[in-house]
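A structural walkthrough
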Amino acid sequence: MEVTEQEKPDMLALVNRLEQEMNHMPQADIPVWNHWAPGVYARTILIPAGVMLTGAVHKTEHLCIISGDHEFTTDEGMQRITHPHHIMLSKPGAKRAGYSHADTYFTTVHATDERDLDKLVLELCDMTNQQLIGGSENKQMLNNRLENE
């Protein structure tokens, strides 16, 4: 049975609602690595097994490379990747939620010449560098610190 466009859930709204609930839960440490080459920026995070997370809304079309066992939202529903590595195209406006069944590396690859992380993040997504995972103003990590005080 095929689902029509009108019957599809508003995935962005669902992910945002999930994120609001997750903000009140204990948070995991997510390591972040930044990589540059001429005209290319890549950001890699390591999502430990058993961790659910949400991403930022991206403004540009870019590639995602997933290495591990990770299940995530798409416009068509949930998708699970269990390959040693998988490459997918992400469209502007996408925001995903995911769960790692095993330690998973998730890399986004962007076409840009910018090397200043603060400017770069503003160019690529709807958050500042400090608000992303690993940043000092990340909502989830701030909530986690407040709960542990």
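Our structure's up above, just so we're on the same page.
About the criteria used
- Residues numbered from 1 in each chain as written.
- Predicted model: local features only at pLDDT ≥ 70, side-chain atom pairs only at ≥ 80, totals over all residues.
- Heavy atoms only, no water.
- 1 Å grid on protein atoms, 1.4 Å probe; cavity = no way out; pocket = protein on both sides within 12 Å on 5 of 7 lines; lining within 4 Å.
- Points joined across faces, edges and corners; volume = space filled by probe spheres on them.
- Helix = DSSP H or I, 4+ residues; strand = E, 2+ residues; numbered from the N terminus.
- Contact = heavy atoms within 4.5 Å.
- Polar contact = N/O pair within 3.5 Å; in protein donor to acceptor, adjacent residues only side chain to side chain.
- Pairing = 2+ DSSP bridges.
- Axes fitted to C-alpha atoms, helices over the stretch in contact; angles between N-to-C directions.

**Looking at the layout of surface pockets**
For the second largest pocket, the calculated volume is near 210 Å³. Thr 74, Asp 75, Ala 94, Lys 95 and Arg 96 are the residues nearest the centre of the second largest pocket, which is lined by 13 residues in total. For the lining of the second largest pocket, the elements supplying multiple residues, two or more each, are helix H1 (11–22) and strand S5 (70–74).

**Re the environment of Trp 36**
Tracing the backbone through its elements, the reader meets Trp 36 in strand S1 (residues 32–37). For the pair formed by Trp 36 and Asp 113, sequence separation is 77 residues and the distance between their alpha carbons is 8.9 Å. Residues contacting Trp 36, with those up to four places away along its chain left out, are Tyr 41, Glu 114, Arg 115, Leu 117 and Leu 120. Among the polar contacts made by the side chain of Trp 36, one reaches the main-chain carbonyl oxygen of Glu 114 at a distance of 3.3 Å.

**Considerations on the sheet that holds strand S6 (residues 77–81)**
In spatial order, the strands read S3-S8-S5-S6; together these four strands make up an open sheet with antiparallel pairing. Single-partner strands in this sheet number two, and they are strand S3 (52–54) and S6. For this sheet, the mean inter-axis angle between neighbouring strands, taken without regard to orientation, is 20°. Packed on one face of the sheet, H1 meets S3, S5, S6 and strand S8 (97–100) and runs near 120° to S3.

**Remarks on the sheet that holds strand S7 (residues 86–90)**
Spatially, the five strands line up as an open sheet ordered S1-S2-S9-S4-S7, and their pairing is antiparallel. Of all the strands in the sheet, just S1 and S7 have a single pairing partner and so form its edges. Each neighbouring strand pair of the sheet contributes to a mean axis angle of 20°, computed without reference to strand direction. Where strand S4 (residues 62–67) lies against S7, five bridges are found, and the strand directions are antiparallel. Residue pairing in the sheet places His 62 in a bridge with Ser 90 of S7.

None of this, on its own, says anything about what the molecule does.
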